[in-house]
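Descriptive structure summary
Single-letter residue listing:
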Amino acid sequence: MITKIGVLTSGGDAPGMNAAIRGVTRYAIEQGLSVTGIIRGYEGLLSHEIMPLDRRDVGGIIHRGGTMLRTARCLEFMEEKTQKEAAAYIRENDIDALVVIGGDGSMRGAQALSKQGIPTIVIPGTIDNDMDGTEYTIGFDTTVNTVLQCVNRIRDTAYSHDRVAVIEVMGRHAGFIALHAGLAAGAEAVLVPEHDVSLEDLCMHLNESHRMGKMSSIVIVAEGAMKGSDVYDYIKEHTYLEPNLTVLGYVQRGGSPTARDAIMASLFSEKAIDCLLSGTYNCVIGQIGETIAATPYTEAPRYHFPLDENMYRLVHQLGR
Ligand SMILES: Nc1ncnc2c1ncn2[C@@H]1O[C@H](COP(=O)(O)OP(=O)(O)O)[C@@H](O)[C@H]1O
Ligand SMILES: O=P(O)(O)OC[C@H]1O[C@](O)(COP(=O)(O)O)[C@@H](O)[C@@H]1O
Ligand SMILES: [Mg+2]
């Protein structure tokens, strides 16, 4: 029977992680469990940094970006020896199950711990929206809205100076941020890692728009597709258009969560604790269609939600 849970955040921070820490803590306490927070993700399990969490400890954080528990990318945790040490520490502290709030890498870490006999459950938290077992990850909506606001500002200058604004956004392996922000901002083109990038085609597209009377354009580049600076250089060398470059960087990852992210964080938290209490674990919580589901790690790849090809086509059709 589960009486005490641990909770940690891992990988890149994402807006809404705090709302999930609050949701997990308060809902678990409501159900009669006690809660331990682990600091700095898997690293905290190795450096033994933990703290008890009660209702008041998670007060005043629902609207804050980042994560009050801190986070880390812990390379040591890839080794089985380290995973065994972490599992032993969890047992020593009478933690019966662990809630991991993080992205795809953190889910692999949780799966590794479950192989060491620790019941784990994952709440998807990453701005990248690139996890199996869910159509939505906490933080994505906030980031898309932040990028949109930035692009709208950059557009003013692009328009006023008749320039091509090249904007590099995050997404090493996935183009969701670029695609969604691109469609929302009315970009002329998006470059994503899921599609081969032809800068020649991009320039043809921009030249054609220019011939049709467009004096300025927006090109959004996911960092995993290509470096924004390479796109800038190519446009400068191969067209008569005048590009400018903005690399958005970490402004995309911080900030207060949107209503959607704070709501999803709370709903995912409730589902995670309900699952643990009913003996369902080693699962990733996720939104699949209209439902909030718990999918075993081993089955999560069957619920892989790729980039929406229709949206990708539409960006380019509308951006002429
Ligand atoms: N294959 C793996 N086995 C064990 N732990 C992993 C594995 N992949 C990632 N992790 C752990 O999860 C952490 C976060 O993963 P990362 O990919 O950086 O971020 P995210 O979870 O946000 O995608 C890593 O630093 C590591 O500690
Ligand atoms: O914080 P770092 O180490 O610079 O990592 C940058 C990466 O983290 C992200 O912001 C989020 O990715 P994860 O959620 O997988 O950690 C990516 O979009 C970006 O490529
Ligand atoms: Mg990731």
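Residues numbered from 1 in each chain as written. Chains lettered and ligands numbered in written order. Predicted model: local features only at pLDDT ≥ 70, side-chain atom pairs only at ≥ 80, totals over all residues. Heavy atoms only, no water.

Focus: the nonpolar core
- Counting 65 residues, the largest nonpolar core has Ile 5 and Val 99 as the members making the most contacts within it.
- Broken down by element, the residue count for this core peaks at 8 residues, all from helix α9 (residues 259-277).
- Not counting the four nearest positions on each side in its chain, Ile 5 is found in contact with Val 24, Ala 28, Leu 33, Ser 34, Val 35, Thr 36, Ile 95, Ala 97, Val 99, Ile 273 and Leu 276. (Core = buried A, V, L, I, M, F, W, Y, C linked by side-chain atoms within 4.5 Å. Buried < 20%, exposed > 50% of the residue type's maximum accessible area, 1.4 Å probe, protein only. Helix = DSSP H or I, 4+ residues; strand = E, 2+ residues; numbered from the N terminus. Contact = heavy atoms within 4.5 Å.)

Things to note about the domain arrangement of the protein
- Looking at the protein, the domain boundaries give domain 1 (4-139 + 257-302) and domain 2 (141-253).
- Placing the centre of domain 1 and that of domain 2 at their C-alpha centroids yields a distance of 34 Å.
- The interface is formed by 14 residues belonging to domain 1 together with 11 residues belonging to domain 2.
- Buried surface at the junction of domain 1 and domain 2, both sides included, amounts to about 1,100 Å², of which 50% is carbon and sulfur.
- Note that Asp 13 is salt-bridged to Arg 253, the shortest N-O span being 3.1 Å.
- One can count 9 residue pairs in polar contact (both at pLDDT 80 or more) joining domain 1 with domain 2.
- Its residues assigned to classes, the side of domain 1 that touches domain 2 shows 4 nonpolar, 4 polar and 6 charged. (Domains from an automatic or database assignment. Buried area = accessible area lost by both parts, 1.4 Å probe. Salt bridge = Lys/Arg side-chain N within 4 Å of Asp/Glu carboxyl O. Polar contact = N/O pair within 3.5 Å; in protein donor to acceptor, adjacent residues only side chain to side chain. Nonpolar A, V, L, I, M, F, W, Y, C, P; charged D, E, K, R; others polar.)

Re the packing of aromatic side chains
- In the structure shown here, the tally under the stated rule is 3 aromatic pairs.
- The interplanar angle of 70° and the centroid separation of 6.2 Å between the aromatic rings of Tyr 136 and Phe 140 together place this pair among those described as edge-to-face. In this structure, Tyr 136 and Phe 140 share a single accessibility class: buried.
- Look at Phe 140 and Phe 176: their rings are 6.5 Å apart centre to centre, the planes differ by 85°, and that puts the pair in the edge-to-face class. Here Phe 140, found in helix α5 (residues 140-161), pairs with Phe 176, found in helix α6 (residues 176-185); they are 36 residues apart in sequence, far enough to count as distant.
- Its relative accessible area of 9% is what places Phe 176 among the buried residues.
- Taken together, the aromatic side chains of Tyr 136, Phe 140 and Phe 176 make up a single cluster linked through ring pairs.
- Across from the ring centre of Tyr 136, 3.9 Å away, lies the NZ or CZ of Arg 260, which sits over that ring. (Phe/Tyr/Trp six-rings, centres within 6.5 Å; stacked < 30°, edge-to-face > 60°. Lys NZ or Arg CZ within 6 Å of the ring centre and 35° of its normal.)

As for the site of ligand 1
- For ligand 1, the set of nearby residues contains 15 residues, the closest of which are Arg 73, Cys 74, Gly 103, Asp 104 and Ser 106.
- Taking Gly 103, its main chain carries an N or O atom lying 3.0 Å from an oxygen atom of ligand 1.
- Here ligand 1 has 550 Å² of accessible area as a free molecule, and 83% of this is covered by the chains.
- Per-element accounting of the shell around ligand 1 gives the leading share, 5 residues, to helix α4 (residues 104-115).
- For the shell around ligand 1, the residue count by class is 4 nonpolar, 8 polar and 3 charged. (Near = heavy atom within 4 Å. Areas by Shrake-Rupley, 256 points an atom, 1.4 Å probe, with all protein chains shown as cover.)

Concerning the side chain of Asp 128
- Summarising the element assignment, Asp 128 is placed in the loop between β5 (120-124) and α5.
- For the buried residue Asp 128, which engages in no salt bridge, the nearest side chain bearing the opposite charge is Arg 172, 6.6 Å off. (Lys, Arg positive; Asp, Glu negative; His and termini not counted.)

Considerations on the UniProt feature "binding site: ADP" (unreviewed entry) in the protein
- On the UniProt side, "binding site: ADP" (unreviewed entry) is annotated at positions that read Arg 22, Gly 23, Val 24, Thr 25, Arg 26, Arg 155, Gly 186, Ala 187, Glu 188, Lys 214, Met 215 and Ser 216 here. Their sequence span is 195 residues, while the largest C-alpha to C-alpha distance among them is 53.4 Å; these annotated residues do not converge on one region.
- You can see Arg 22 is positioned in helix α1 (residues 17-30).
- Mapping Lys 214 onto the fold places it in the loop between α7 (199-211) and β8 (217-222).
- If sequence neighbours within four positions are ignored, Lys 214 has contacts with Glu 188, Ser 209, Gly 319 and Arg 320.
- Separated by 2.5 Å, the side chains of Lys 214 and Glu 188 make a polar contact. (UniProt positions renumbered as here; feature names shortened; annotations may be inferred.)

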